[in-house]
Amino acid sequence: MEKIRIIGSPEKPLRGKVTISGAKNAVLPAIAASLLTREKVHLTNIPLVKDVFTILTLMSELGAEYEINGNSLTIVTRDVIRHEASYQLVRAMRASILVLGPLLARHGQAVVALPGGCAIGSRPIDLHLHGLEKLGANFILEHGYIKAEAKKLRGTVIEFEKKTVGGTENLIMAATLAEGETILKNCAQEPEVADLCELLIKMGAKIDGVGEETIRIKGVSELGGTSHDIIPDRIEAGTFLVAGALTRGDIHLDQVRPDHMTTIIEKLRYSGAKIEEKEEGSLRVQGSEEIKPQDIVTSPYPGFPTDMQAQFMVLMTQANGTSIITETIFDRRFLHVNELLRLGANIEVHGDKAIIKGKTPLSGAETTATDLRASACLILAGLIAKGETIINDIEHLDRGYERIEEKLKQLGASIERISTEKENKK
Ligand code: EPZ
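1. Quick look at the sheet that holds strand β22 (residues 366-368)
Pairing is mixed across the open sheet formed by 4 strands, whose spatial order is β22-β23-β1-β24. A single partner strand is all that each edge strand has here, and the edge strands are β22 and β24 (414-419). Here the average twist between neighbouring strands, direction ignored, is 25°. With 3 bridges connecting them, β22 and strand β23 (residues 387-392) associate as parallel partners. When the bridges of β23 are listed, Thr368 appears paired with Asn392. Contacts from helix α12 (residues 372-384) reach β1 (2-8), β22, β23 and β24, with the element oriented near 30° to β1.

In structure tokens:
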């Protein structure tokens, strides 16, 4: 097991330049989409994070061959040799469900383990299944698996009951090879969904309404290979913007898409941070002495992203006054609160609301990460907590952040990764 040790201080501003990696939540559907063709798909600017290797393990089991060169991936599935996503893989990464739509479209069959819950709440896939059924798929649920088959998918009109990123992605991918036109309504509008559409269009898909709530897909008989550059990770970028604001630092972010981060930038400016777009694809954040409290409600894009909720909560512990964060997307995404309390934060949770009273000085402590964004939140808190903070169970962190401790070290943080085996031998 590995953990992270930080020697923090409220007087230690982070300064310097950081390059943001490609978006985890864009590369995962892009890799699943490569199932839709027997030709090579070449993806650049991929983040070398654990979830990428997990989905590549799954893709290999299905019959894909791939090669990674630096941050570039070439992947091809000439023949689907298996059509099963095992419980172990789905349990390790819920986004494995993204192979369901492409497998049905390409291969007519799929067996995918039902993704149970996870640390941030129940993670049903009913909206994925209802949509795919409307396209003509049949499902049997038994022994914790979905056994799906579809002789031929036929286009139709599908309206999502609620916005779902993965559900929208699965249906778009399935519809690209369905007969006739599919109209998807109430689609998720996250930039990662739009990036998937751009990739599919390059592969020969006929898609109108990219980035909109209604997307029209005209099915084609087959898709081809292509090359595609993965968009920057807006959540990693948001995490570093918060780090700059929190430590009253001055950080220059390269390889970002500010147009994907308008709400994050708006909320940080309101809190007092100075954020400038320096030149194309870069941002500069300068923290302010005084941090203003504010209320945040997470909502589907273009609203405030749930994946930034935990990170923002740390900033609000240093604001002068009371802030209320309402989490509307997941039913249990406050597990990081208990860990922040150990560091001295003053937070109360009432249902879907967390009430944060600031400004509270934090002091270093041993903590445990529960999920990906909670890990990032604990690192941010450790940067300004006085003394040593230890974060256990950092495998969560590695799922979605590429070398975050090295990037923070370059900005002046006293942070290191320690393996418990070495530590115990001392
Ligand atoms: C994607 O998850 C992201 N993951 C999540 O990022 C992100 O938090 C989430 O979208 C919301 O933005 C990837 O893209 C790989 P949803 P996804 O389907 O697709 C409910 C991170 O930290 N729902 O938009 O699983 C669901 O329970 C991760 O990078 C149903 O009820 O999210 C949730 O309450 C965490 N039925 C809400 O909708 C369904 O069939 C939004 O889920 C599907 C979802």
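Let us keep going from here.
2. Let's talk about the sheet that holds strand β2 (residues 15-19)
If you trace the 4 strands from one edge of the open sheet to the other, you get β2-β15-β17-β16, paired in mixed fashion. At either margin of the open sheet sits one strand with a lone partner, and together these are β2 and β16 (274-277). Sheet twist, expressed as the mean angle between neighbouring strand axes with direction ignored, is 15°. Taken together, the 5 bridges between β2 and strand β15 (residues 250-254) define a ladder with parallel strand orientation.

3. Quick word on the environment of Leu223
Tracing the backbone through its elements, the reader meets Leu223 in the loop between β13 (215-218) and β14 (226-229). Given the relative accessible area of 4%, Leu223 is considered buried. Considering only alpha carbons, one finds Leu223 and His83, 140 residues apart in sequence, at a separation of 19 Å. Setting aside chain neighbours within four positions, we find Leu223 in contact with Leu36, Thr37, Thr176, Leu177, Leu200, Met203, Gly204 and Ala205.

4. Let's talk about the site of the ligand
Lining the immediate surroundings of the ligand are 23 residues, of which Arg94, Asp126, Leu127, Asp307 and Ile329 lie closest. Between the ligand and Val165, the relevant distance is 2.8 Å, taken from an oxygen atom to a main-chain nitrogen or oxygen of the residue. At a separation of 2.6 Å, an oxygen atom of the ligand approaches a polar side-chain atom of Asp307. Taken by itself the ligand offers 830 Å² of open surface, and the protein chains cover 89% of this. Sorting the residues of the shell around the ligand by element identifies α1 (24-33), α5 (126-134), α6 (165-175) and α12 as the ones contributing at least two each.

5. Some details on the nonpolar core
Ranked by internal contacts, the top residues of the largest apolar core, which has 78 residues, are Ile31, Leu43, Leu100 and Leu200. When residues in this core are grouped by element, the largest group, 7 residues, is from α1. Residues within four places of Leu43 in sequence aside, it is in contact with Val27, Ala30, Ile31, Asn71, Ser72, Leu73, Leu199, His228 and Ile230. Judged by nonpolar contacts, the second largest core, of 66 residues, contains Leu253, Ile347, Ala381 and Ile384.

6. As for the packing of α1 against helix α2 (residues 50-62)
Viewed as axis vectors pointing N to C, α1 and α2 meet at an angle of 10°, and their least axial separation amounts to 10 Å. Our classification of the angle between α1 and α2 gives roughly parallel. Between α1, through Lys24, Val27, Leu28, Ile31 and Ala32, and α2, the contact on the second element is made entirely by Asp51, Val52, Ile55, Leu56 and Met59. Among the residues making up the contact of α1 with α2, the classes are represented as 8 nonpolar, no polar and 2 charged.

7. Comments concerning the packing of aromatic side chains
Centre distance and the angle of the planes are the two values used to describe a pair of aromatic rings. A full pass over the atoms with the stated rule returns 1 aromatic pair. In this arrangement the basic side chain of Lys292 is found over the ring face of Tyr270, its NZ or CZ atom lying 4.2 Å from the centre.

8. Let's talk about the pattern of salt bridges
Enumeration over the complete set of coordinates arrives at 28 salt bridges. Arg78 is paired through a salt bridge with Glu65; the nearest N and O atoms lie 3.4 Å apart. Taken together, the positions of Arg78 in the loop between β5 (72-76) and β6 (84-85) and Glu65 in strand β4 (residues 65-69) put the pair 13 residues apart, joining distant regions of the chain. For Glu65, a relative accessible area of 52% puts it in the exposed group. Where Glu213 meets Lys163, a salt bridge forms, and the shortest distance between an N and an O atom there is 2.6 Å. One end of the pair, Glu213, is in the loop between β12 (206-208) and β13; the other, Lys163, is in the loop between β10 (157-159) and α6, with 50 residues separating them in the sequence. In this structure Lys163 comes out as partly exposed when scored by relative accessible area, which is 23%. Linked through salt bridges whose partners overlap, the residues forming this network are Asp250, Lys274, Glu276, Lys278 and Arg284.

9. Remarks on helix α10 (residues 309-317)
In terms of burial, α10 is a largely internal element, 9 of the 9 residues being buried. Within α10, burial applies to Gln309, Ala310, Gln311, Phe312, Met313, Val314, Leu315, Met316 and Thr317.

10. Quick word on α6
Counting buried positions along α6 yields 10 of 11 residues, so the element is predominantly enclosed. Taken residue by residue, α6 has Gly166, Gly167, Thr168, Glu169, Asn170, Leu171, Ile172, Met173, Ala174 and Ala175 as its buried positions. For α6, the capping residue at the N-terminal end is Thr164, with a side-chain oxygen 2.8 Å from the backbone nitrogen of Gly167.

11. Brief notes about unusual backbone geometry
A cis geometry characterises the amide bond from Tyr301 onward to Pro302, with omega recorded as 10°. Within the element layout of this structure, Pro302 appears in the loop between β18 (296-297) and α10. A cis amide bond, omega 10°, links Gly358 with the succeeding residue Lys359. Mapped onto the elements of the fold, Lys359 is located in the loop between β21 (353-358) and β22. One non-glycine residue, His143, adopts positive backbone phi at about 50°. Looking at the element boundaries, His143 is found in the loop between β8 (138-142) and β9 (145-149). Under the relative-accessibility criterion, His143 is labelled exposed at 73%. For Arg248, which is not glycine, the phi torsion reads 50° and is therefore positive. Mapped onto the secondary structure, Arg248 falls in the loop between α8 (234-246) and β15.

Here is what the cut-offs are and how they apply
Residues numbered from 1 in each chain as written. Predicted model: local features only at pLDDT ≥ 70, side-chain atom pairs only at ≥ 80, totals over all residues. Heavy atoms only, no water. Pairing = 2+ DSSP bridges. Helix = DSSP H or I, 4+ residues; strand = E, 2+ residues; numbered from the N terminus. Axes fitted to C-alpha atoms, helices over the stretch in contact; angles between N-to-C directions. Contact = heavy atoms within 4.5 Å. Buried < 20%, exposed > 50% of the residue type's maximum accessible area, 1.4 Å probe, protein only. Near = heavy atom within 4 Å. Polar contact = N/O pair within 3.5 Å; in protein donor to acceptor, adjacent residues only side chain to side chain. Areas by Shrake-Rupley, 256 points an atom, 1.4 Å probe, with all protein chains shown as cover. Core = buried A, V, L, I, M, F, W, Y, C linked by side-chain atoms within 4.5 Å. Parallel < 35°, antiparallel > 145°, perpendicular 65-115°, else oblique. Nonpolar A, V, L, I, M, F, W, Y, C, P; charged D, E, K, R; others polar. Phe/Tyr/Trp six-rings, centres within 6.5 Å; stacked < 30°, edge-to-face > 60°. Lys NZ or Arg CZ within 6 Å of the ring centre and 35° of its normal. Salt bridge = Lys/Arg side-chain N within 4 Å of Asp/Glu carboxyl O.

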